[in-house]
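Observations on the three-dimensional arrangement
The primary structure of each chain is shown beneath.
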Amino acid sequence: MSRHRHSPKVVTASSLLEGDTVWLTADDRWTRNMSEAELIEDEAVAEDRLLFAISQPDLVVGAYLADAAPSKSGPIPVHFRETLRTKGPSNYFHGKQQQEQAVAPASNFEEA
Amino acid sequence: MYQYSDFDDAFVRERVAQFRAQVERRIDGNLTEDEFKPLRLMNGLYLQLHAYMLRVAIPYGTLNSRQMRQLAMIAEDWDKGYGHFTTRQNIQFNWPRLADTPDILDALADVEMHAIQTSGNTIRNVTADHFAGAAADEIADPRPVAELIRQWSTDHPEFQFLPRKFKIAVTGSPNDRAVTRAHDIGLRMIRNETGEPGFEVIVGGGLGRTPMIGKVIREFLPRTDLLPYLESIVSVYNALGRRDNKYKARIKITVAETGLDEFRNRVDTRFEQLRSQFGGADLAMLARIEQAFAPPAFRSAPLGQYDAAREADPAFRSWTDTNLAPHKAEGYAIVTVSLKVHGATPGDATSDQMRALADLAERFGHDELRISHEQNVILPHVHKSDLPEVHSVLRKHGLATANVGLISDIIACPGMDYCVLATARSIPIAQEIAQRFDDLKLEHEIGDLKIKISGCINACGHHHVGHIGILGLDRAGVENYQITLGGDGTETAAIGERAGPGFSAEEIVPAIERLVHAYLDLRGSKGESFLQTYRRLGIGPFKAALYPERVDAHAA
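Notes on the structure in this doc start here. Computed from a prediction, not measured in an experiment: that's the story for all the values here.

A short note on the overall build of chain B
When helices and strands are counted, chain B shows 19 helices and 21 strands. The C-alpha atoms of chain B give a radius of gyration of 23 Å, which matches the 24 Å a tight globule of 556 residues would have. C-alpha atoms of chain B, sized along the principal axes, occupy 65 × 60 × 60 Å. A sequence separation of at least 24 residues applies to 68% of the contacts in chain B between residues at least 6 apart.

Notes on the overall build of chain A
From N to C terminus, chain A includes three helices and five strands. Beginning at the N terminus, the succession of helices and strands in chain A can be written as β-β-β-α-β-β-α-α. For chain A, long-range pairs separated by at least 24 residues make up 57% of all intrachain contacts whose partners lie at least 6 apart in sequence.

As for the sheet that holds strand β10 (residues 215–222) of chain B
Residues and elements named next belong to chain B. As summarised here, the arrangement of the five strands in space is β6-β7-β8-β9-β10, forming an open sheet in which the pairing is mixed. The open sheet has two free edges, formed respectively by β6 (127–128) and β10, since each of these has just one partner strand. Relative to strand β9 (residues 197–203), strand β8 (residues 185–191) runs antiparallel, the two sharing seven bridges. In the strand pairing of β9, Ile-190 is matched with Gly-198.

Quick notes on the interface of chain B and chain A
Taken residue by residue, the interface counts 22 residues in chain B and 22 residues in chain A. Counting residues per element, the side of chain B that touches chain A draws most heavily on helix α14 (residues 427–439) of chain B, at three residues.

Regarding the sheet that holds strand β1 (residues 9–15) of chain A
As a general point, the strands of a sheet are linked pairwise by backbone hydrogen bonds and lie either parallel or antiparallel. All names here are of chain A. Strand order in this open sheet of five strands is β3-β2-β1-β4-β5, and the pairing throughout is antiparallel. The open sheet is flanked by β3 (30–31) and β5 (76–77), the only strands paired with a single partner. Bridging between β1 and strand β2 (residues 21–24) involves three bridges; their strand directions are antiparallel. Bridged to Thr-12 within β2 is Trp-23.

A word on the pairing of β2(A)
Regular strands place their side chains on alternate faces of the sheet. Residues and elements named next belong to chain A. By the alternation rule, side chains of β2 split into Thr-21 and Trp-23 and Val-22 and Leu-24, which are all buried. Between β1 and β2, which follow one another and run antiparallel, lie five residues, and Gly-19 among them has a positive phi close to 80 degrees. Summarising the sheet, β2 and β3 pair through two bridges and their orientation is antiparallel. Considered in β3, the bridge of Leu-24 is made with Trp-30. Linking β2 back to β3 in an antiparallel pair, the connection comprises five residues, with Asp-28 at a positive phi of about 65 degrees.

Details of helix α17 (residues 530–537) of chain B
Residue and element names in this part refer to chain B. Of all the residues in α17, the buried ones are Phe-530, Leu-531, Thr-533 and Tyr-534. The arc enclosing the buried residues of α17, seen along the axis, measures out at 160 degrees, which places them on a common side. On its buried face, α17 is in contact with β19 (478–485), α16 (505–522) and α18 (540–546). Once α17 ends, the next one or two residues include Gly-538, with phi positive near 80 degrees.

Observations regarding α14(B)
All names here are of chain B. Helix length check: α14, at 13 residues, gives a terminal C-alpha distance of 18 Å against a target of 18 Å (1.5 Å per residue), a fit within 8%. Residues of α14 that are buried include every one of Ile-427, Pro-428, Ile-429, Ala-430, Gln-431, Ile-433, Ala-434, Arg-436 and Phe-437, and no others. Packed against the buried residues of α14 are β16 (411–412), α15 (443–446), β17 (451–454), β18 (468–475), β19 and α16. Lys-441, located one to two residues past α14, shows a positive phi value of around 55 degrees.

Regarding the packing of helix α6 (residues 226–240) of chain B against helix α8 (residues 260–278) of chain B
All names here are of chain B. Their axes nearest at 8 Å, the elements α6 and α8 cross at an angle of 130 degrees. Taken together, the axes of α6 and α8 lie oblique to each other. Seen from above, α6 lies across α8 with right-handed handedness. Contact residues: Leu-227, Pro-228, Tyr-229, Glu-231, Ser-232, Ile-233, Ser-235 and Val-236 in α6; Phe-263, Arg-266, Val-267, Arg-270, Phe-271, Leu-274, Arg-275 and Phe-278 in α8.

Conventions adopted
- Sequence order as written defines residue numbering, which begins from 1 separately in each chain.
- Labels are handed out in written order, letters beginning with A for the chains and numbers beginning with 1 for the ligands.
- Given that this is a predicted model, residues contribute local features only at a pLDDT of at least 70 and side-chain atom pairs are listed and counted only at 80 or more, while totals for whole chains, interfaces and linings are drawn from all residues.
- In this description a helix means any DSSP run of H or I spanning at least four residues, a strand means any run of E spanning at least two, and both kinds are numbered starting from the N terminus.
- To get the radius of gyration, use the C-alpha atoms; to get the globule rule, take the number of residues to the power 0.38 and multiply by 2.2 Å.
- C-beta atoms are placed from the backbone for every residue, and two residues are taken to be in contact when these atoms lie within 7 Å.
- Being paired, for any two strands, means DSSP has found at least two bridges between them.
- Counting other C-beta atoms within 10 Å of a residue's C-beta gives its exposure: the residue is buried at 20 or more, exposed at 12 or fewer, and partly exposed in between, where C-beta atoms are placed from the backbone.
- This arc is taken over the directions from the axis of the helix to the C-beta atoms.
- Given the number of residues in a helix, its expected span is that number minus one, multiplied by 1.5 Å.
- Angles run from 0 to 180 degrees between N-to-C directions of axes, and those axes are lines fitted to C-alpha atoms, restricted for helices to the stretch in contact.
- Note on terminology: angles under 35 degrees are roughly parallel, angles over 145 are roughly antiparallel, angles of 65 to 115 are roughly perpendicular, and the others are oblique.
- Here a crossing is called left-handed whenever its near helix is offset anticlockwise from the far helix by less than a right angle, and right-handed whenever the offset is clockwise.

Dropping the structure here:
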């Protein structure tokens, strides 16, 4: 029997203070921009990175592994739920889509 | 309206102070998320898809202008300038920051409001007929009883960790606008043959993944026995309810597995033990509460202005045709303010709109407002002579949509645009359907038609009791929408029947359009509603309209 093929993952969570979506970067930061996230091809590495995320309960809540795909501009979501998390709701221009348009830097999230 | 006693005020303030300390300890790392989560949920604070969400209780949907203005202020100062009124008569703020929530709760306490028991496995905010105290068809105002239940259930030490959440609804009218048959306990105020007031007690109703219409556990419960009997039901459920399986933990499953007769016997046994323990304190309290719900001083005035405005202004006439309900006081009307502008989000109101509604309530509505489970706002007591001015103010604030009870007056849960439990979006589907039928200029022709949309099996959008229900699911990573037909949330309650395979997000609006055109072709007369036509003909012709390709395949 062939083993279930591992699809690439990103580690994602909600920030503790704002409750908004964040992703784990390769250099151990939390970013609010999914394209900066670490795309993890190896299943064991993904589990390890998730444990690292869970070990930071003072920064993030509810960390999990989400399927992602590579693109020229970094990881992009696979499932529509994750697409909504990268943008915000579809009924108002709120959430990430609003922040992206803001002139101020997208993230002042402290390094882990 | 009920006003907090010193006890109520002290209790709510104490809870805010406790929560403030809990938030501080969470932020400074002295509480883990596992420790903090149940504490925040006890105070209505959820963590959703994009942010925290604070669910604020509006007991039995009743508000005064001061409270509405405070909600407007909270939305403006700590959120994004709007609030979302829910299918359980509550309001949700979608964007609060964790550190701000104790201040928000303090601001709520300033106007005798809170977010306690809007989550968790407790007795949730008790809901009631949104026309309570005003409806012409009412036997009695259900709000004093609802308030009594609120006080009894709030922080009830035995019922803070029930097997699952527990919802109670009360109606004082034979026309059930509170969906009592789809609640864990539904109470219908009735009188027995000697004229004594009491309740028909319904138990084990509910929607969700196993929808059930509640069963009558007691045909006539004397009013004096209400609290001990409720406590008996919840107590038996607390002992028998399944804690091993979340999906079998609601009382509807307990009643189904135990059998109604056996469940009733156990409740009766418990009732015999409990009844004497109440000792009349509950009734003394009810008598005090009733004084707070005395009807306002209704006035008489000529209706000339109202009649003239109806004659002169077609928009006003159309609005009065759809958005008014008969009031028990002569010359008065119940105004339903639609929060369903075509193409907008069902149930959302901006801070400006909330303030406009508060002003109207203060000037023209005896300072009362209600939130309906259908996600609209009610001005329960407006004299008809004031309606032209009320309508003109509503128009200025985008609140004069004349569509109550029509196809665009859609209930929709937040769905995957906000909710972590959702499997698909519901708001955009509601927006598209409303917009489509507005473009077709058909909705007044279609008449009474309730569409209800849920973004997951938990059925916050009450899709099972929609004349047309829509359930959003995730089918292999794609949003898919199932249609149910013939549901009914009123006194003739019924669970809708699934029509067949689901539709994609692109296909669902055309499918609804086919369904509605089929109804228009099939109805016996203009006065026959969608539900009546469905009940007369059954699902067959509607299925044929939904799945024409299948009919063609059979014919070939």
